[in-house]
Amino acid sequence: MNSVPLAKISRASSLSNTVRQLAGSFGIAIMSTLMQNRGIYHLAHNAENINVTSIATKNTLVGMEKLLREAGTPPGAIQHMFTYLDNVWLQAGYSPGIVQHKAMAMISGLVQRQSVIFAFDDVFVVLLVACIFMVISAVLLRSGKVKPKAVSK
């Protein structure tokens, strides 16, 4: 805006605002698309390894048992808790298949939540790289010196 003649400052200002609004809209659209695509990618990647017989699921259960043991829960009580939770669902009228389905639905919700978090991480990394590039560009940007024009009468 420094180098724009005073007579054209209103046009330059409106053009600058239009370009700023368009760039913001395109940036939001691109980041939204990136987040959606990365969320789908992470969900597919995480979900392919999570099922009832997967090692990750078994490790999660083992980790839960380990945390309960470290908290001082006796081993018999841990098994009793898992059995109790199964019985609560069964007493509520759910069949064993439904109980397993509900457990997998809970795990699926956790996987989806984690996938969204990974997608946000990916978008923030892209924005970080863009910001670093812009800061470097701004530092290297030279200010244009405006030569005063002679006023003619």
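In the block above lies the structure referred to throughout.
## Topic: the overall build of the protein
Here is step 1 of the chain: Assigned secondary structure in the protein consists of 4 helices and 0 strands.
Here is step 2 of the chain: For the protein, the α and β elements follow one another from N to C terminus as α-α-α-α.
Here is step 3 of the chain: Going through the 153 residues of the protein one by one, you find that 9% of them count as buried.
Here is step 4 of the chain: Total accessible area computed for the protein in this model is approximately 12,500 Å², and 67% of it derives from carbon and sulfur atoms.

## With respect to the side chain of Asn-46
Here is step 1 of the chain: As for its placement among the helices and strands, Asn-46 is situated in helix H1 (residues 9–47).
Here is step 2 of the chain: Overall, the relative accessible area of 18% leaves Asn-46 in the buried class.
Here is step 3 of the chain: Of note is the side chain of Asn-46, whose polar atom sits 3.4 Å from the side chain of Ser-115.

## Some words on the side chain of Ser-115
Here is step 1 of the chain: Tracing the backbone shows Ser-115 in helix H4 (residues 96–140).
Here is step 2 of the chain: Exposure remark for Ser-115: the relative accessible area of 2% places this residue in the buried category.
Here is step 3 of the chain: In this structure, Ser-115 is in contact with Gly-39, His-42, Leu-43 and Asn-46, ignoring residues within four places of it in sequence.

## Section: the environment of Gln-114
Here is step 1 of the chain: Along the chain, Gln-114 falls in helix H4.
Here is step 2 of the chain: On the basis of relative accessible area, Gln-114 is assigned to the partly exposed category, the value being 34%.
Here is step 3 of the chain: Residues Gln-114 and Leu-43 lie 71 residues apart in sequence; the distance between their C-alpha atoms is 8.2 Å.

Parameters and conventions
Residues numbered from 1 in each chain as written. Predicted model: local features only at pLDDT ≥ 70, side-chain atom pairs only at ≥ 80, totals over all residues. Heavy atoms only, no water. Helix = DSSP H or I, 4+ residues; strand = E, 2+ residues; numbered from the N terminus. Buried < 20%, exposed > 50% of the residue type's maximum accessible area, 1.4 Å probe, protein only. Areas by Shrake-Rupley, 256 points an atom, 1.4 Å probe, with all protein chains shown as cover. Polar contact = N/O pair within 3.5 Å; in protein donor to acceptor, adjacent residues only side chain to side chain. Contact = heavy atoms within 4.5 Å.

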